[in-house]
Each structure stands twice: as structure tokens, then as C-alpha cells.
Amino acid sequence: MELSLLFKSIVDQDNCPIVICDLKHTIVYMNPVADQKYAKHGGKLLEGRSIFDCHNEHSNELIRKVVEWFAADKSNNRVHTYFNKNDNKDVYMIALRDEDGILIGYYEKHEYRDVDSTPLYEMK
């Protein structure tokens with residue numbers, strides 16, 4: 001099986017929004033949860049557009065600074081960008097790198113702090 005299909009499935013099965021951008025700041029992929037979360041802004045239609053169209057100028061400047069930091073050193077890979085108290089979640093920017101550690105893009109990752117109360121191994 002092709003490895004890229006496995007990676008796409010990992011992203012698609014995540015229960016948190018994931019928005020992937022290239023170094024031109026173009027949204028190249030949004031997982032299904034991100035499509036739903038950002039539906040009022042266009043959802044899937046945001047793919048191919050600039051991430052800067054989705055943020056104010058202050059946020060865009062912060063995005064640029066984080067990407068510059070990612071590019072400065074191969075060990076610069078994760079930045080905590082936001083805590084949303086209402087949703088009890090943290091938001092991160094994560095560097096995407098090729099096999100040689102060269103920066104090729106980045107993504108936005110949401111992580112919820114709520115304890116999962118689903119019974120272990122429940123398969124309903």
C-alpha cells in the first residue's frame with residue numbers, strides 16, 4: 001500500500017481540524033473536521049487559497065514569524081499559538097519537513113484537553 005494513502009488516512013481520521021499549508025502559505029489540504037469547522041468561511045473551497053485570507057494582519061504576521069523560525073533550524077518544529085478556553089483546546093503550528101529535514105510546509109493542529117470518557121475498547 002502506498003505510504004501517502006496511509007498518511008492521508010491518519011489526517012482524515014483525526015477528530016481535530018487539520019489545515020495543511022505549503023511555504024507559499026497556500027492551503028493545500030483540510031481534513032474533513034476542518035472542512036466542517038470552517039464551513040461558514042468556505043470549507044473545502046478554502047483549499048488552494050492563501051491562509052492569509054483567513055486571518056487578520058496581526059495573525060498573518062505571527063504566521064510569517066513562526067514559519068521563519070521553522071526555517072531557521074531543523075529542530076524548530078512546534079509552536080503553541082492559542083488556547084481556546086471555551087473549547088478547552090490548544091492550537092499549534094507544526095513544521096512539515098522532507099527526508100532531509102528541509103522545511104516544506106506547516107499545519108495547524110488542535111488538541112483538546114478534555115478527558116475522553118468513552119469506555120475503553122468500546123466498539124459501538
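Above this text sits the structure in question.
So, here's what we can say about the structure. Remember, predicted model here, so these are calculated numbers, not experimental data. (Residues numbered from 1 in each chain as written. Predicted model: local features only at pLDDT ≥ 70, side-chain atom pairs only at ≥ 80, totals over all residues. Heavy atoms only, no water.)

### Side note on the environment of Tyr107
Stated precisely, the cut-off is as follows: Secondary structure elements are taken from DSSP: a helix is a run of H or I of four residues or more, a strand is a run of E of two residues or more, and numbering for both begins at the N terminus. Throughout, a contact is declared for two residues whenever any of their heavy atoms are within 4.5 Å.
If you trace the backbone, Tyr107 turns up in strand β5 (residues 103–112). Distance in space between the C-alpha atoms of Tyr107 and Asn60 is 14 Å, their sequence separation being 47 residues. Once you skip the residues sitting within four places of it in the chain, Tyr107 turns out to touch Ile18, Val19, Ile20, Tyr92, Met93, Ile94 and Leu96.

### Some points on unusual backbone geometry
Within the chain, His25 stands out as a residue other than glycine whose phi angle is a positive 70°. Mapping His25 onto the fold places it in the loop between β1 (18–22) and β2 (27–30). Within the chain, Tyr121 stands out as a residue other than glycine whose phi angle is a positive 60°. By the element assignment, Tyr121 lies in the segment after β5.

### So, helix α3 (residues 57–72)
Operational definition: Multiplying 1.5 Å by the residue count of a helix minus one yields the expected span of that helix. We call a residue buried when its accessible area falls under 20% of the maximum for its residue type, exposed when it is over 50%, and partly exposed in between, using a 1.4 Å probe and counting protein chains only. This arc corresponds to the set of directions leading from the helix axis out to the C-beta atoms. N or O atoms closer than or at 3.5 Å make up a polar contact, with two conditions inside protein: a donor-capable atom paired with an acceptor-capable one, and, for residues adjacent in sequence, both atoms drawn from side chains.
Counted at 1.5 Å a residue, the expected span for α3 with its 16 residues is 22 Å, and the 23 Å between its end C-alpha atoms agrees. Along α3, the positions that sit buried rather than exposed are Asn60, Ile63, Val66, Val67 and Phe70. Looking straight down α3, one finds its buried side chains confined to an arc of 120°; they lie on one side. Of the exposed residues in α3, those oriented more than 90 degrees away from the buried face are Glu57, His58, Glu68 and Ala72. Structurally, the start of α3 carries an N-cap: the backbone nitrogen of His58 is 3.1 Å from a side-chain oxygen of Asn56.

### Quick word on the pairing of strand β4 (residues 89–97)
Quick reminder of the rule: Being paired, for any two strands, means DSSP has found at least two bridges between them.
A large share of β4 lies buried, amounting to seven of its nine residues. Sheet topology note: the strand β3 (residues 78–84)/β4 ladder contains six bridges and is antiparallel. Looking across to β4, one finds that Asn84 is bridged to Lys89. A loop of four residues connects β3 with β4, the two strands running antiparallel in sequence, and Asn88 in this loop sits at a positive phi of about 50°. Inspection of the sheet shows β4 paired to β5 by nine bridges, in the antiparallel sense. Note on β5: the bridge partner recorded for Ala95 is Tyr106. The antiparallel pairing of β4 with β5 creates a hairpin that spans five residues between the two strands, and Gly101 there sits at a positive phi of about 85°.

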